2 protein chains.
Amino acid sequence: MDSIKNVEILRIKGDNFNVEEDIVVKEYPFTIFINDVELITLLCSPTSLEYLALGFIYSEGLIDSLSNVKKITIDEDKGIGYMYLDKLNEFSNKFMGKRTITSGCGKGTIFYNVIDSFRSKKIEKPITVDIGSIKNLVKGFNKKSQLFIDTGGVHSCALCSTDGIIIFEEDIGRHNALDKIFGRALIENIDTRDKIILTSGRISSEILIKAAKRQVPVIVSRSAPTSLSVEMAEELGITLIGFARGEKMNIYTNFPNLNI
Amino acid sequence: MDSIKNVEILRIKGDNFNVEEDIVVKEYPFTIFINDVELITLLCSPTSLEYLALGFIYSEGLIDSLSNVKKITIDEDKGIGYMYLDKLNEFSNKFMGKRTITSGCGKGTIFYNVIDSFRSKKIEKPITVDIGSIKNLVKGFNKKSQLFIDTGGVHSCALCSTDGIIIFEEDIGRHNALDKIFGRALIENIDTRDKIILTSGRISSEILIKAAKRQVPVIVSRSAPTSLSVEMAEELGITLIGFARGEKMNIYTNFPNLNI
C-alpha cells in the first residue's frame, strides 16, 4: 500500500495563494490480534506490516523467539494482523487475559513500564566504535530517507554493522520504525547484539528500552536524547550518540575509544 | 522543577573532540491516580503538571467539566498526581474498573480509538481566519520556544485568539503539550471554541481528535499533517494548516475566506 496520499491544498507564499496538488504521509490504523483476541491498534505507515506486528510483540515480551510464532496473516485492506502463537508465555498471559486494549498510542509502546529499564540487562558484547564509520553510516542513512524528504512526516530507522546499513525502515512513529527493524531482524535471523541503531527521531526512554532489550550496544540519532535515556544508556553500557549530522555528533554515554 | 539537566558529553566536530558540559531535556515519569486508583504513567516534561493531569483526563473523557474535580494534589518529588473526582462518569467507570494501566506511551493518549473521531461533533462555531493574523501568531510562537532552541527536544503548543497567544506550554510529548493547554484553559475558564491551536509538532489523528473534542475550529502546525488528520479535519469542519513557517503555509482543509 502507498505510504502517501494525494491531497488538494491551498498554498500560501507571501501574498500569493494557489490551489495545488500535494502529498501527505498516510496514517493507517493497524489492529493486531493474538490467537483471535484483539491486542492493540497501532497508528502507523502501511508498510512492512508483518515486521511491525512481529517486532511489536517481541518488544513487548509476548514472544521470546520466532519459534513461538505459528502463523502471521496480514489483511492489508482491513488493517488487521492476525498472529497465532504456539503458547502464550507468562508475560503475555498476564495482559492478554486481563486487558482488552482496543486502541493505540500511535507511537507504539503501551505495555512496558519505566521500571522495565531495570529489568534490561547490561550490554554483554560492547563493540568498538569508529567515529569515521558512524559519520559514513549517517551520510548513507540521510540519503535513504526519501519519504521524509517528500512529506516531512515520517521517521527513519536503520540497523547497521560498522560497514553499512543492513535494514532500513520508515514509519510515522519512531517506535514503529524501530519495531519494524527488530521484526525483520528476527525473521532474517540477524544478530542485533553487535550492531548499531540509527534513527531520525528523538531518543526517549522507550526507544532506549526497546534497543536495550535487543542488546544493541550503540544508538545514534539525528535528534536529541532525553535525560532518562541518557541515564539508562549510562547504566546499561550503551553508547548513546545524538545530533549526528555531517561531521558533528554529541556522544552522551560510554564514550568509545576514539578512532577519528 | 527544571526542564533540563546538565550532562557531560564528548563533542565531535570534524577531527576535533572535547569533553564538554551540555544540557538535555528532562524526561519525567508522572503517574496519575484517580480516587486512589493508579490510572497511567505519562512520560513528560516536569512543568505545569496540574494542567497536564487535568487536561489528560479531560481529553480522555473522564470528566465533563471542572465541577467534577474535587481536589488535585501534585507530589513533584515522587512524580505523582492525585486527582479526586466527585463521581466517575460512565466513561471513566468503564476503564477504571476493568483496566489497571501501569505504564504510559510517553506521548499521551492511550484510551481512545480512531473511531472516537466519529463521535466528535462537527465544529459549531466556525471562525473567520485572517492569513495575516496566522503569520503573526506563528512569528510570536517561534520566539517563545526557548526550550526547544536550548535542547532540540521539546514541542511547543499555544492557544490563541486572532489577536495573540493566550496560553503557551511545552513538553517532550506533542500530546502532553496540548493536554497542558486544555487543562489550563479549563482552570482559567477560557472558551476554546473560537480559538486557534498552534503546535510545533506533526498533526496526527490523535492531536486532531483532542482539538476536535474541545471544538477548536483552526489548527496550525509548523510541521506536517497525516492523511487521517486531514480526512478528519475535512469531515469535522476544522481548518487544518501545516508547514506554517515565515510567509508560507499550506492549508489542507476548509479553506478560509482569504484575507491576505
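For the structure itself, look to the data block above.
Values in this document were obtained by computation on a predicted structure and should not be read as measured data. (Residues numbered from 1 in each chain as written. Chains lettered and ligands numbered in written order. Predicted model: local features only at pLDDT ≥ 70, side-chain atom pairs only at ≥ 80, totals over all residues. Heavy atoms only, no water.)

Novice: Is there a simple way to explain the overall build of chain A in this structure?
Specialist: Looking only at helices and strands, chain A has 8 helices and 12 strands in total. The burial tally for chain A puts 61% of its 260 residues in the buried class. Restricting to contacts in chain A with at least 6 residues of sequence separation, those with at least 24 account for 53%. Carbon and sulfur atoms provide 46% of the accessible area of chain A, an area that totals close to 10,100 Å². (Helix = DSSP H or I, 4+ residues; strand = E, 2+ residues; numbered from the N terminus. Buried < 20%, exposed > 50% of the residue type's maximum accessible area, 1.4 Å probe, protein only. Contact = heavy atoms within 4.5 Å. Areas by Shrake-Rupley, 256 points an atom, 1.4 Å probe, with all protein chains shown as cover.)

Novice: Would you take a moment to explain the pattern of salt bridges for this structure?
Specialist: When the charged atoms of two side chains with opposite charge come close together, those side chains can pair. Considering all chains together, one arrives at 22 salt bridges over all chains under this definition. Measuring nitrogen to oxygen at the nearest pair gives 3.9 Å for the salt bridge that ties Glu247(B) to Lys139(B). With Glu247(B) in the loop between β11 (239–245) and β12 (248–251) and Lys139(B) in helix α4 (residues 131–144), this pair connects stretches of sequence that are 108 residues apart. Relative accessible area serves as the criterion here: at 41%, Lys139(B) is assigned to the partly exposed category. Because the salt bridges share partners, they merge into one network encompassing Arg11(A), Glu20(A) and Asp22(A). (Salt bridge = Lys/Arg side-chain N within 4 Å of Asp/Glu carboxyl O.)

Novice: Honestly, the sheet that holds strand β8 (residues 164–171) of chain A in this entry has me stumped. Any pointers?
Specialist: As a general point, the strands of a sheet are linked pairwise by backbone hydrogen bonds and lie either parallel or antiparallel. Reading across the sheet, the 8 strands line up as β8(A)-β7(A)-β9(A)-β10(A)-β11(A)-β12(A)-β1(B)-β2(B) and stay open at both edges, with mixed pairing between neighbours. Each edge of the open sheet carries a strand with a single partner, namely β8 of chain A together with β2 (16–25) of chain B. Strand after strand, the sheet turns through a mean of 25° between neighbouring axes, direction not considered. As defined by bridge partners, strand β12 (residues 248–251) of chain A adjoins strand β1 (residues 4–13) of chain B across 4 bridges and the pair is classed as antiparallel. The partner of Asn250(A) across the bridge, within β1(B), is Arg11(B). Taken strand by strand, helix α4 (residues 131–144) of chain A contacts β7 (155–161), β8, β9 (196–199), β10 (218–221), β11 (239–245) and β12 of chain A together with β1 of chain B, and its axis lies near 40° from that of β8(A). (Pairing = 2+ DSSP bridges. Axes fitted to C-alpha atoms, helices over the stretch in contact; angles between N-to-C directions.)

Novice: Just to check I follow, could you spell out the packing of helix α1 (residues 49–59) of chain A against helix α6 (residues 174–187) of chain A for this structure?
Specialist: Angle between the axes and distance between the axes are the two parameters that describe a pair of packed helices. All names here are of chain A. Interhelical geometry of α1 versus α6 gives an angle of 95° and a closest axis separation of 7 Å. Here α6 runs roughly perpendicular to α1, going by the angle between their axes. Between α1, through Glu50, Tyr51, Leu52, Leu54, Gly55, Phe56, Tyr58 and Ser59, and α6, the contact on the second element is made entirely by Asn176, Asp179, Lys180, Phe182, Gly183, Arg184, Leu186 and Ile187. Of the residues that constitute the contact of α1 with α6, the class distribution is 8 nonpolar, 4 polar and 4 charged. (Parallel < 35°, antiparallel > 145°, perpendicular 65-115°, else oblique. Nonpolar A, V, L, I, M, F, W, Y, C, P; charged D, E, K, R; others polar.)

Novice: Explanation requested: the side chain of Gln215(A) in the structure shown.
Specialist: Residue and element names in this part refer to chain A. Mapped onto the elements of the fold, glutamine 215 is located in the loop between α7 (205–213) and β10. A distance of 3.2 Å separates a polar side-chain atom of glutamine 215 from the backbone oxygen of lysine 122. A polar side-chain atom of glutamine 215 sits 2.9 Å from the main-chain amide nitrogen of glutamate 124. Those residues in contact with glutamine 215, other than ones at most four positions away along the chain, are Lys121, Lys122, Ile123, Glu124, Thr192 and Arg193. (Polar contact = N/O pair within 3.5 Å; in protein donor to acceptor, adjacent residues only side chain to side chain.)

Novice: Could you clarify how one ought to interpret helix α7 (residues 205–213) of chain B in this entry?
Specialist: Because each turn of an α-helix spans 3.6 residues, side chains separated by three or four positions end up pointing in the same direction. All names here are of chain B. With 8 of 9 residues buried, α7 lies mostly within the body of the structure. Within the sequence span of α7, burial applies to Ser205, Glu206, Ile207, Leu208, Ile209, Lys210, Ala211 and Ala212. Count one or two residues on from α7 and you reach glutamine 215, which has phi positive near 60°.

Novice: Help me understand the environment of Asp130(B), please; the structure alone is not making it clear to me.
Specialist: Residues and elements named next belong to chain B. Looking at the secondary structure, you find aspartate 130 in the loop between α3 (116–119) and α4. Along the sequence, aspartate 130 and proline 256 sit 126 residues apart, while their C-alpha atoms lie 8.0 Å from each other. Within polar-contact distance, the side chain of aspartate 130 engages the backbone nitrogen of glycine 132 at 2.8 Å.

Novice: Looking at this model, I keep getting lost on the sheet that holds strand β5 (residues 69–75) of chain B. Mind explaining?
Specialist: All names here are of chain B. Read across the open sheet, the 4 strands follow the order β4-β3-β6-β5; overall the sheet is mixed. The open sheet has two edge strands, β4 (37–44) and β5, and neither has a second partner. Taking each pair of neighbouring strands and ignoring which way they run, the sheet shows an average axis angle of 20°. Looking at chain direction, strand β3 (residues 28–34) and strand β6 (residues 80–85) are connected through 4 bridges and run parallel. When the sheet's bridge partners are listed, isoleucine 32 is paired in β6 with glycine 81.

Novice: What am I meant to see in the pairing of β6(B) here?
Specialist: Residues in a regular strand point their side chains to alternate faces of the sheet. Residues and elements named next belong to chain B. The sheet contact formed by β5 and β6 spans 6 bridges and is antiparallel. If you follow threonine 73 over to β6, its bridge partner there is tyrosine 82. Counted between consecutive antiparallel strands, the loop separating β5 from β6 contains 4 residues, among which glycine 79 sits at a positive phi close to 70°.

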